[in-house]
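Okay, here's what each chain looks like letter by letter:
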Amino acid sequence: MGQTKNIDPKNVINGTFGYLYIDGEEIAELTTVKAQDDIGYEDIDQPGHLRSGKKMISVSGTGEFGINKITNAYNEKWAAKIDAGEQPEVTITTVEADPNALESATWQFYNCTIENIPYINAAAKTITQDTYTFAFLDRKKLDAIS
């Protein structure tokens with residue numbers, strides 16, 4: 001029998017307390033965040049075996065975050081870079097923290113390319129929530145906060 005009977009339900013991480021920092025400036029509280037490494041493999045035939053083996057050939061980092069919109073400042077900053085022929089590239093720091101959880105996670109994603117900029121996203125009687133996708137070249141788990 002496993003150890004799951006010993007898990008206190010209040011310690012399960014609730015992602016409600018996530019924050020977004022872009023280039024060191026706190027931008028928003030996150031409504032959603034996902035970041036992952038996508039790993040590419042190639043099948044390698046193995047003599048004497050019917051099954052092929054797998055050889056890792058690539059890794060790419062991708063992510064998505066959602067926020068309750070409070071400003072257009074960062075969209076305008078990125079748009080100005082595009083208009084100047086520059087690629088919007090940022091460092092994104094995300095924090096997943098819950099006061100009841102046993103730990104928290106702070107991750108920093110480097111050399112991020114912003115894949116979309118939602119300029120207008122509005123509906124009557126609704127809170128505006130924007131979603132951004134990004135790609136990153138590197139990532140690092142920073143010290144957990146308490």
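Since the model is a prediction, treat every value here as computed from it, not as a measurement.

So, how was this worked out
- Residues numbered from 1 in each chain as written.
- Predicted model: local features only at pLDDT ≥ 70, side-chain atom pairs only at ≥ 80, totals over all residues.
- Heavy atoms only, no water.
- Core = buried A, V, L, I, M, F, W, Y, C linked by side-chain atoms within 4.5 Å.
- Buried < 20%, exposed > 50% of the residue type's maximum accessible area, 1.4 Å probe, protein only.
- Helix = DSSP H or I, 4+ residues; strand = E, 2+ residues; numbered from the N terminus.
- Contact = heavy atoms within 4.5 Å.

Peer 1: Mind showing me how you'd approach the nonpolar core here?
Peer 2: Looking at soluble globular proteins, one finds that nonpolar side chains tend to be buried together. Ranked by size, the top nonpolar core spans 18 residues in total, and within it Leu20, Phe65, Ile67, Trp78, Ile92, Ile114 and Phe134 carry the most contacts. At the level of secondary structure, the elements contributing two or more residues to this core comprise strand S1 (17–22), strand S2 (25–44), strand S3 (53–68), helix H1 (73–83), strand S4 (89–97), strand S5 (105–114) and strand S6 (129–136). In this structure, Ile67 is in contact with Leu20, Ala28, Glu29, Leu30, Thr31, Tyr74, Thr128, Gln129, Asp130 and Tyr132, ignoring residues within four places of it in sequence.

Peer 1: Would you mind showing me how to read the environment of Ile13 here?
Peer 2: In this fold, Ile13 is placed in the segment before S1. When the C-alpha positions of Ile13 and Thr94 are compared, they lie 15 Å apart, and in sequence the two are 81 residues distant. If sequence neighbours within four positions are ignored, Ile13 has contacts with Glu96, Asp98, Ala101 and Glu103.

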